[in-house]
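Summary of structural features
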Amino acid sequence: HEHFFHRCARSVESLIEADRQANGRNRIQWIIANDDSNYSSHQLLSMIPAMLIPFVRVLSDGANKGIATRLNEAITQADSEWILFLDCDDLIGANATLVLDYYLSRFPQCRYISSAMTDIDAQDRILRFRRHIVPPSTLFHNGMVAGHLKAIRHDLIAELLPYVPEFSGCQDYDFAL
């Protein structure tokens, strides 16, 4: 995953820079919940661009505790109104917070936002777009069609936590519902 993590970190760097230019301040914190016992905090920090270091907190103790447990630990460290979730092999668009700000201004009561996905190859060529093709009201009926990148408002997380380790892999499906 090292190659993918480097790319993820660069995309977060672009996001933070674009958000700072748009808002005139820093409002992003990147909490890395490391569940890979092959990588220490020091190794992960060495893979992160220097500009990002002040905005990063790595949670790592050398143990593999499972995604649900690690997410529970990371969420308790977050102090933002909104929490976005990325996997180590994800890329986030530099305009993601601008898009979120737009929709939050239009739907201020919203507590869960899910994106469509774009699959890319190793050269960043677009392979396909995975758009939402069903309305949210049919989410349960149509299976796990919630988008991969999700933004969840902190009050909803507080209401539904903790993630249950037995449901790893679909631990956040109830947030979408």
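Overview of the structure. Everything numeric here is computed off the predicted structure, so don't read it as measured data.

1. A few points about the layout of surface pockets
- One number sums up the size of the second largest pocket: a volume of about 990 Å³.
- Considering the residues around the second largest pocket, the lining is formed by 33 residues, among which Leu 91, Ser 115, Ala 116, Met 117 and Thr 118 are closest to the centre.
- The residue makeup of the lining of the second largest pocket, split by class, is 17 nonpolar, seven polar and nine charged.

2. Observations regarding the pattern of salt bridges
- Per the stated rule, a full pass over the model turns up 12 salt bridges.
- Taking the shortest distance from any N to any O, the salt bridge between Arg 20 and Glu 17 comes out at 2.6 Å. Here the residue Arg 20 and the residue Glu 17 both occupy positions in helix α1 (residues 2-23), the gap between them amounting to three residues, near one helical turn.
- Residue classification places Arg 20 among the partly exposed positions, given a relative accessible area of 25%.
- Bridged by salt links that share partners, the residues Asp 35, Asp 61, Lys 65, Arg 70 and Glu 73 form one connected network.

3. Observations regarding the sheet that holds strand β3 (residues 82-85)
- Pairing is antiparallel in the open sheet, where three strands are placed in the order β3-β7-β4. Looking at the sheet topology across the chains shown, the edges are occupied by β3 and β4 (112-114). Adjacent strand axes in the sheet meet at a mean angle of 15°, parallel and antiparallel pairs treated alike.
- The pairing of β3 with strand β7 (residues 150-153) spans four bridges and is antiparallel. Each residue of the ladder has a partner; that of Trp 82, found in β7, is Arg 153.

4. A few points about the packing of α1 against helix α4 (residues 96-106)
- Orientation of α1 relative to α4, taken along the N-to-C sense of each, is 50°, at an axis distance of 8 Å. In this view, α1 runs oblique relative to α4, as classed from their interaxial angle. Contacts between α1 and α4 pair Leu 15, Asp 19, Ala 22 and Asn 23 from the former with Ala 96, Thr 97, Leu 98 and Asp 101 from the latter.
- Split into classes, the residues belonging to the contact of α1 with α4 amount to four nonpolar, two polar and two charged.

5. Observations concerning the pairing of β7
- By the alternation rule, side chains of β7 split into Lys 150 and Ile 152 and Ala 151 and Arg 153, which are all buried.
- Examined bridge by bridge, β4 and β7 share three bridges and lie antiparallel to one another. Note that in β7 the partner of Tyr 112 across the bridge is Ile 152.

6. Describing helix α3 (residues 67-77)
- Three or more residues of α3 are buried, namely Ala 68, Arg 70, Leu 71, Asn 72, Ala 74 and Ile 75.
- Check the buried side of α3 and you find it contacts β1 (30-33), β2 (56-59), β3 and α5 (154-160).

7. A closer look at the nonpolar core
- Counting 18 residues, the largest nonpolar core has Phe 5, Val 12, Trp 30, Ile 32, Ile 48, Leu 52 and Val 56 as the members making the most contacts within it.
- Breaking this core down by element, the ones donating at least two residues are α1, β1 and β2.
- Per element, the largest residue contribution to this core is six residues, and it comes from α1.
- Not counting chain neighbours up to four residues away, the residues in contact with Trp 30 comprise Phe 5, Cys 8, Ala 9, Val 12, Ile 48, Leu 52, Phe 55, Val 56 and Arg 57.
- Residues Ile 31, Leu 71, Ile 83 and Leu 156 belong to the second largest nonpolar core, which totals 14 residues.

So, how was this worked out
- Residues numbered from 1 in each chain as written.
- Predicted model: local features only at pLDDT ≥ 70, side-chain atom pairs only at ≥ 80, totals over all residues.
- Heavy atoms only, no water.
- 1 Å grid on protein atoms, 1.4 Å probe; cavity = no way out; pocket = protein on both sides within 12 Å on 5 of 7 lines; lining within 4 Å.
- Points joined across faces, edges and corners; volume = space filled by probe spheres on them.
- Nonpolar A, V, L, I, M, F, W, Y, C, P; charged D, E, K, R; others polar.
- Salt bridge = Lys/Arg side-chain N within 4 Å of Asp/Glu carboxyl O.
- Helix = DSSP H or I, 4+ residues; strand = E, 2+ residues; numbered from the N terminus.
- Buried < 20%, exposed > 50% of the residue type's maximum accessible area, 1.4 Å probe, protein only.
- Pairing = 2+ DSSP bridges.
- Axes fitted to C-alpha atoms, helices over the stretch in contact; angles between N-to-C directions.
- Parallel < 35°, antiparallel > 145°, perpendicular 65-115°, else oblique.
- Contact = heavy atoms within 4.5 Å.
- Core = buried A, V, L, I, M, F, W, Y, C linked by side-chain atoms within 4.5 Å.

That's the geometry; what it means functionally is another story.
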